[in-house]
Amino acid sequence: MSDVETTSRRRVLSGMRPTGKLHLGNYMGALYNWVRLQDQYECYFFIADWHALTTDYANPGNVKQKCFDVAVDFLAAGLDPEKCVIFRQSHVPEHASLHLLFSMFTPLGWLERVPTYKDQQEQLREKDLATYGFLGYPLLQSADILLYKPDFVPVGQDQVAHVELTREVARRFNQLYDSRWSEAIAQAVSDKEKIKAEVSANSVDLIFPEPQALLTPSPKLPGLDGRKMSKSYGNTLMLSETEPDIRAKLKTMVTDPARVRRTDPGNPDVCPVFDLHKVFSPAEKQTEVREGCTTAGIGCIQCKGWLADAVVAELAPIQERRAKYEANPGLVIDILAAGAERAHAKAAEAMQDALVALGME
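None of the values given here were measured: they were computed from a predicted structure.

A. Structural view of the pattern of salt bridges. Scanning all chains against the criterion turns up 18 salt bridges. The salt bridge partner of Lys-285 is Glu-288, with a shortest N-O separation of 3.2 Å. Taken together, the residues span about one helical turn, with Lys-285 and Glu-288 both in helix H15 (residues 283–294) at a distance of 3 residues. Among the residues examined, Lys-285 registers a relative accessible area of 22% and is labelled partly exposed. For Glu-326, the salt bridge identified is with Arg-322, shortest N-O distance 2.2 Å.

B. Just the nonpolar core, in detail. Judged by nonpolar contacts, the single largest core of 58 residues is most densely connected at Leu-24, Leu-31, Trp-34, Phe-74, Leu-79 and Leu-250. Not counting residues within four places of it along the chain, the set of residues in contact with Leu-31 comprises Met-16, Leu-22, Asn-26, Asp-73, Phe-74, Ala-77 and Leu-79. Counting residues in each nonpolar core, the second largest holds 36 residues, with Phe-102, Phe-173, Ile-207 and Phe-208 among its members.

C. Broad picture of helix H14 (residues 272–280). Along H14, 7 of the 9 residues are buried, which leaves the element largely enclosed by surrounding structure. Among the residues of H14, Pro-272, Val-273, Phe-274, Asp-275, Leu-276, His-277 and Phe-280 are the ones counted as buried. Turning to H14, the residues buried within the fold contact helix H2 (24–37), helix H13 (243–251), H15 and helix H16 (300–326).

D. Structural context of the environment of Glu-326. Relative to the helices and strands, Glu-326 is located in helix H16. Residues Glu-326 and Ala-76, spaced 250 residues apart in sequence, show a C-alpha to C-alpha distance of 9.7 Å. A distance of 2.2 Å separates a polar atom in the side chain of Glu-326 from a polar atom in the side chain of Arg-322.

E. View of a nonpolar patch on the surface. Taken together, Trp-50, Leu-53 and Tyr-57 make up a surface patch of nonpolar side chains, about 270 Å² in accessible area. Mapped onto the elements of the fold, Tyr-57 is located in the loop between helix H3 (49–56) and helix H4 (63–77).

F. Molecular detail of the state of the cysteines. Taken as a whole and judged by the stated rule, the model has 0 disulfides. With no disulfide partner, Cys-293 has as its closest neighbouring cysteine sulfur the one in Cys-271, 6.2 Å distant. The buried category is assigned to Cys-293, whose relative accessible area is 12%. Cysteine Cys-300 is unpaired, with the sulfur of Cys-271 as its nearest cysteine sulfur at 6.3 Å. Of the residues examined, Cys-300 reaches a relative accessible area of 24% and is grouped as partly exposed.

G. Quick look at the environment of Ala-48. Locating Ala-48 in the fold gives a position in the loop between strand E2 (42–47) and H3. Each C-alpha atom of the pair Ala-48 and Gln-89 lies 5.2 Å from the other, and the pair is 41 residues apart in sequence. Excluding anything up to four places from it in sequence, Ala-48 contacts Met-16, Arg-17, Pro-18 and Gln-89.

H. Representation of the pairing of strand E1 (residues 11–16). Within E1, 5 of the 6 residues are buried, which leaves it mostly tucked inside the rest of the structure. Two elements, E1 and E2, share 6 bridges in a ladder whose sense is parallel. Each residue of the ladder has a partner; that of Ser-14, found in E2, is Phe-45. Regarding topology, H2 serves as the crossover connection from E1 to the parallel E2, and that connection is right-handed.

I. Fine view of unusual backbone geometry. Phi at Lys-149 is positive, roughly 45°, even though this residue is not glycine. Along the polypeptide, Lys-149 turns up in the loop between helix H9 (137–146) and strand E4 (152–155). Of note in the backbone geometry, Ala-296 takes a positive phi value of approximately 60° without being a glycine. Checked against the element boundaries, Ala-296 lands in the loop between H15 and H16.

J. A look at the packing of aromatic side chains. Applying the stated criterion to the full structure yields 15 aromatic pairs. Residues Phe-105 and Tyr-177 carry aromatic rings whose centres are separated by 6.1 Å and whose planes lie at 65° to one another, so their mutual orientation is edge-to-face. Of this pair, Phe-105 sits in the loop between helix H5 (94–103) and helix H6 (108–112) while Tyr-177 sits in helix H10 (residues 160–177); the two residues are 72 residues apart in sequence, bridging distant segments of the chain. Classification of Tyr-177 by relative accessible area gives partly exposed; the value is 29%. Among the aromatic side chains, those forming a connected cluster through ring pairs are Phe-102, Phe-105, Phe-173, Tyr-177 and Phe-208. Across the ring face of Tyr-137, the terminal group of Arg-17 is positioned such that the distance to the ring centre comes to 5.9 Å. Just above the ring of Trp-306 sits the side chain of Lys-285; from NZ or CZ to the centre is 3.9 Å.

K. A look at the side chain of Asp-256. The topology assignment puts Asp-256 in the loop between H13 and H14. For Asp-256, which is buried and forms no salt bridge, the nearest opposite charge comes from Arg-259, at a distance of 6.9 Å. Reaching out from Asp-256, the side chain makes a polar contact with the backbone nitrogen of Ala-258 at a distance of 3.0 Å. Once you skip the residues sitting within four places of it in the chain, Asp-256 turns out to touch Gly-266, Asn-267, Val-270 and Cys-271.

Criteria and cut-off values
- Residues numbered from 1 in each chain as written.
- Predicted model: local features only at pLDDT ≥ 70, side-chain atom pairs only at ≥ 80, totals over all residues.
- Heavy atoms only, no water.
- Salt bridge = Lys/Arg side-chain N within 4 Å of Asp/Glu carboxyl O.
- Helix = DSSP H or I, 4+ residues; strand = E, 2+ residues; numbered from the N terminus.
- Buried < 20%, exposed > 50% of the residue type's maximum accessible area, 1.4 Å probe, protein only.
- Core = buried A, V, L, I, M, F, W, Y, C linked by side-chain atoms within 4.5 Å.
- Contact = heavy atoms within 4.5 Å.
- Polar contact = N/O pair within 3.5 Å; in protein donor to acceptor, adjacent residues only side chain to side chain.
- Patch = residues over 30% accessible without salt bridge, like charges linked within 9 Å, V, L, I, M, F, W, Y side chains within 5 Å.
- Areas by Shrake-Rupley, 256 points an atom, 1.4 Å probe, with all protein chains shown as cover.
- Disulfide = S-S within 2.5 Å.
- Pairing = 2+ DSSP bridges.
- Right-handed = clockwise from strand over helix to strand, strands pointing away.
- Phe/Tyr/Trp six-rings, centres within 6.5 Å; stacked < 30°, edge-to-face > 60°.
- Lys NZ or Arg CZ within 6 Å of the ring centre and 35° of its normal.
- Lys, Arg positive; Asp, Glu negative; His and termini not counted.

If you want it as structure tokens, here you go:
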């Protein structure tokens, strides 16, 4: 029996959209931390294929293949199915069922004020996002989370608003349907005590406990053109790329624009290449890079070569594991199937609790 099934550790839940093979930004932004969390918590990590349709419903592409590629990268990065549960969102039908239930009582204003709602509309103007699915995707996220009653949701600062919405949804459900919440509030005899009672009510074993955001470090990771690393910009370094391709791509990376000639001193603090050194190179190499750059003791090509050495070393064990799973696709499918079964068992319990509260079991 695996650690996931026997542990009494606190629980963590997170997911990622299937965009195909992952890049270094995906790795450092989420996967790197997930691999470490699996040794500290009971972890559920899923591939959010329903979420892929909220913005790409008109051109979903090969979602099945993209899910497989993401699963391979999850495993290659070091997620261990003996330590955590890995599954596809759509393979656990309770995600859709709980989302539907939540949509019945969630005020529209809660969804419209989520910061990423208007931000993505601005960024993705070429797509028609005037849909219920796009408006409701933060609520689907809430269902994704609350199904597993996690203690923590690992997020960056830009995703804290989504966790706060999830907490509000959980609170509203408990207030409407969980008698234990009402009983805790009823004990209050003044407004001041009511506030205290609301806090204590959340510590009761409610149907949907409110999860906490677990802020995880997410270093600045620029792409080859200096902008945020993103497939939409075509500026990525993929986890699956060969060493020659990595070295060739890094040779084209933008540097300090003020350093025109080899003899010009540079400023590492404005150079995207140095931003990557700070993530992947050891401290002594960073010191050597800074000294060489500011004195023009080294050129940008040499600096990029050192960076390539560090990136290749970081990716070597990932690519070794990736090759194993690519050579045995049936193993990946079996891992996802086993993960979905275990996730379904947990999600079904939460869904049953919710239906009992509504008198609909």
